[in-house]
Amino acid sequence: MKLHEYQAKRIFARYGVPIPAGEVANTAAQAREIAQRLGKPAVIKSQVLVGGRGKAGGIKVAKTPDEAETLADQILGMEIKGLKVKRVLVDEAADIQDEIYLGMIVDRERRRVAMMASSEGGVDIEEVAATHPDAIKTIYIDPFLGIKPYQAIAVASALGIPPDQTRAFTKIATGLYRAFIESDADLAEINPLAVTGGGQLLAVDGKMVLDDNALFRHPDLEEMRDLAEEAPAETEARINGLSYVKLDGEIGCMVNGAGLAMATMDIVKHFGGSPANFLDIGGGAKSDKVAAALRIILSDPNVKAVLFNIFGGITRCDEVARGILVALEEVKPAVPMVARLVGTNEAEGRAILAEAQMITATTLADAAQKAVAAAKAR
Amino acid sequence: MSILVNKDTRLIVQGLTGREGKFHAEQMIAYGTHIVAGVTPGKGGESVLDVPIFNTVAEAVSATAANVSIIYVPARFAPDAILEAADAGVALVVCITEGVPVIDMITVRAYIDTTSTRLVGPNCPGVITPGEAKVGIMPGHIHMPGPVGIVSRSGTLTYEAVAALSEIGIGQSTVVGIGGDPVIGTKFIDVLEMFERDVETKHVVMIGEIGGNDEERAAEFIRQHMKTPVTGFIAGQTAPPGKRMGHAGAIISGGQGTAAEKIKALEAVGVPVAHHPGEIAEMVARRL
């Protein structure tokens, strides 16, 4: 789950990371009031869950409350990469002399939380990694020890942070690590960590992505989810316990198992079609779940055919087939359906579906080709 | 021979009194797996499916000399269950549970590494040595004993490959599902090494997917250490970047972990990669 900048920065602040004074506004008038209260030039920052807000014109500096209102009015309602701006963060503008990158991720290979830092802040770390890998200092944190002062000092030294700011930097690095661990983050990033004219360190921008699997123990963080930023189909999938990712193609895919679901998308492409989605209905595949999955797939107007690929293991094919029938009755799709059910009780399952006038197939290759042909015929 | 589990496996089921645990224990017993104990705190002294239940793994081990444990407890209790099994000296722990927080797995794995326990999973279908022992949730009947070792990050995709092999009369030595999470107990390299040492495994099928770089590491290991031929498959060629594809670990992040990179790495070391799952069995048949 992605958090907005203002949410991430508020979490960081709880762990002692200094952030600019600022508040969130839903209207231009509110932005004006906040700028007035700040009494200083302010940055008006669109709050949408995508990168590249600055380039899209979603971040502007206002010298006066009047200007804050005008700019907020421009930014609110604008679309950035397909997402409508519904609120802006009005932050006190910082006097930025220098920009540092400070981020944390889980390093899968080393099985450690890694802290990465670069003196080239303000740009994407991937870009720095590609062009100046030497400019990135990485430390790996022992889960039993946590981040130790010497590690933070080593990062500060590599970044060329002056000695009088090293203590402040150590506090920020430690705070970011604690925020990461205690929020169960997948990613936590301060970019840039600004060095101000007054020699202060300030987290001017923040980003956080949380581990969905750990949200059960963070009800306060779960509440921060912005449903407006999630595609309605993805929200419905999440509520129904389905894994769904929308793609650009025209063949809807309903599969049990994540690996098989990916392989099904791939084979559709292999035979000249394009997948409309990734969807894993998981084990069991009861009719209500199948119906929800079918509704979600068909809510995409691009879908011209639906491919069911079910490997019945412990799940029985006849049971799944009945689930599909109930779902078809409820959803009444207008596009052709191709079903490939194999495994336990496959003959019974196929017989049930043949009565429902579904196109059936035995191999995945056959099913994919039939789905591609059915979609092209429309 | 085989790897990890066999007819000498003496299995504990952690979470045997739960719905999932009981259902799968029944299937495992039907397959012929020797389940010697169940563990559910507070239910010691009871019995389920004629299997005695103990309060702790340590008690179960000392009473039954169990050597493998399988975990079916909910995600929030799974890290503790893994640590408990490791502390009780169980040699192999298979964690089926899906949805374990990654921060927990970092700590669990770091602790496990200080013990002699091997962990498989979490978020995996388990391990089966056809005809000997099924320690997992895979459908037993699609398997048959034979010369092909399979290691995979996925569940149903693996069943697909197994069923296709069995259909043309090619059996499996052991099939290992290592799981789809970012931090897991046993990786491709660990299993490849075991298959390489196993005299009965004449061919290995490796089924990977997007995310991380374990397949690339495996390719390097194959180049340096393996004489047994390997056939590969990588799922997720059409997966978009930055989106999690069901498995917590299946995500292309920062341009890293694409299917194209993994296929290239495998092909570069002489591992042919199937275009789709249906090709896997045909390729193995040609190369055996």
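Look up a bit, the structure's there.
Now for a look at the structure at hand. Since the structure is predicted, the reported quantities are computational estimates derived from the model, not experimental observations.

Another aspect to go through is the overall build of chain A. Within chain A one finds 13 helices and 19 strands. Expressed along its principal axes, the backbone C-alpha trace of chain A runs to roughly 75 × 50 × 40 Å. The burial tally for chain A puts 55% of its 378 residues in the buried class. For chain A, the proportion of contacts with a sequence separation of at least 24, taken over those separated by at least 6, is 67%. Accessible surface computed for chain A: about 16,000 Å², of which carbon and sulfur atoms make up 51%. Looking at chain A, you have 43 positive and 51 negative side-chain charges, and the mean spots of the two groups are 1 Å apart.

This part covers the pattern of salt bridges. One pass over the full model with this rule turns up 38 salt bridges over all chains. Salt bridges sharing common partners tie together E5, K9, K45, R53, D91 and D205 of chain A.

The next point concerns the sheet that holds strand β10 (residues 145-152) of chain B. All names here are of chain B. Ordered in space as β9-β8-β11-β10-β12-β13, the 6 strands form an open sheet in which the pairing is mixed. Edge positions in the sheet fall to β9 (133-136) and β13 (230-235), since each of these pairs with one other strand and no more. Adjacent strand axes in the sheet meet at a mean angle of 15°, parallel and antiparallel pairs treated alike. Alignment of strand β12 (residues 203-209) against β13, held across 6 bridges, turns out to be parallel.

Let us look at the side chain of T196 of chain A. Residue and element names in this part refer to chain A. As for its placement among the helices and strands, T196 is situated in strand β11 (residues 185-196). Overall, the relative accessible area of 12% leaves T196 in the buried class. Those residues in contact with T196, other than ones at most four positions away along the chain, are D95, Q97 and L202.

A few words on the interface of chain A and chain B. Listed per partner, the contact involves 45 residues of chain A and 60 residues of chain B. When chain A packs against chain B, close to 4,000 Å² is buried across both sides, 65% of that on carbon and sulfur atoms. Summed over the shared surface of chain A and chain B, the number is 12 residue pairs in polar contact (both at pLDDT 80 or more). Mapped onto the side of chain A that touches chain B, the elements with two or more residues apiece are β9 (112-118), α6 (163-182), β11, β14 (243-246), α9 (258-270) and α13 (364-376) of chain A. Element by element, the count of residues in the side of chain A that touches chain B is highest for α9 of chain A, at 10 residues.

Before going further, it helps to examine helix α8 (residues 259-268) of chain B. Residue and element names in this part refer to chain B. Those residues of α8 not exposed but buried are A259, K262, I263, A265 and L266. In a view along the axis of α8, the buried residues occupy a sector of 160°, so they form one face of it. More than 90 degrees from the buried face of α8, the exposed residues found are A260, K264 and A268. Its buried side turned inward, α8 meets β12, α7 (214-225) and β13. Taken from the residues just after α8, G270 is the one with a positive phi, measuring 85°.

Across the junction of N191 of chain A and P192 of chain A, the peptide omega takes the value 10°, indicating a cis bond. Assignment of secondary structure puts P192 of chain A in strand β11. Along the chain, G121 of chain B connects to P122 of chain B via a cis peptide bond; the corresponding omega equals 10°. Locating P122 of chain B in the fold gives a position in the loop between β7 (118-120) and β8 (126-129). The phi dihedral of K332 of chain A is positive, around 50°, even though this residue is not glycine. Topologically, K332 of chain A is positioned in the loop between α11 (317-331) and β18 (337-343). Even without a glycine there, the phi angle at A65 of chain B is positive, about 55°. Relative to the elements of secondary structure, A65 of chain B occurs in the loop between α2 (57-64) and β5 (68-71).

The next thing to look at is the side chain of H218 of chain A. Residue and element names in this part refer to chain A. Within the secondary structure, H218 sits in the loop between β13 (206-210) and α7 (219-222). A relative accessible area of 9% places H218 in the buried class. Only 2.7 Å separates the side chain of H218 from the side chain of D184, close enough to count as a polar contact. In contact with H218, not counting residues within four places along its chain, are E182, S183 and D184.

Turning to the sheet that holds strand β7 (residues 88-92) of chain A, a few remarks are in order. Two strands in a sheet stick together by hydrogen bonds in their backbones, pointing the same way (parallel) or opposite ways (antiparallel). All names here are of chain A. Pairing is antiparallel across the open sheet formed by 4 strands, whose spatial order is β2-β7-β3-β4. This sheet does not close on itself; its edge strands, each paired only once, are β2 (22-25) and β4 (59-62). Adjacent strand axes in the sheet meet at a mean angle of 20°, parallel and antiparallel pairs treated alike. As paired strands, strand β3 (residues 42-46) and β4 are joined by 4 bridges and run antiparallel to one another. Counted as the bridge partner of A42 is A62 from β4. Packed onto the sheet, helix α1 (residues 5-14) meets β2, β3 and β7 and runs at close to 45° relative to β7.

Thresholds applied
- Residues numbered from 1 in each chain as written.
- Chains lettered and ligands numbered in written order.
- Predicted model: local features only at pLDDT ≥ 70, side-chain atom pairs only at ≥ 80, totals over all residues.
- Heavy atoms only, no water.
- Helix = DSSP H or I, 4+ residues; strand = E, 2+ residues; numbered from the N terminus.
- Buried < 20%, exposed > 50% of the residue type's maximum accessible area, 1.4 Å probe, protein only.
- Contact = heavy atoms within 4.5 Å.
- Areas by Shrake-Rupley, 256 points an atom, 1.4 Å probe, with all protein chains shown as cover.
- Lys, Arg positive; Asp, Glu negative; His and termini not counted.
- Charge placed at Lys NZ, Arg CZ, Asp CG, Glu CD.
- Salt bridge = Lys/Arg side-chain N within 4 Å of Asp/Glu carboxyl O.
- Pairing = 2+ DSSP bridges.
- Axes fitted to C-alpha atoms, helices over the stretch in contact; angles between N-to-C directions.
- Buried area = accessible area lost by both parts, 1.4 Å probe.
- Polar contact = N/O pair within 3.5 Å; in protein donor to acceptor, adjacent residues only side chain to side chain.
- Arc of directions from axis to C-beta.

Everything listed here is a matter of coordinates, which is why it stays silent on function.
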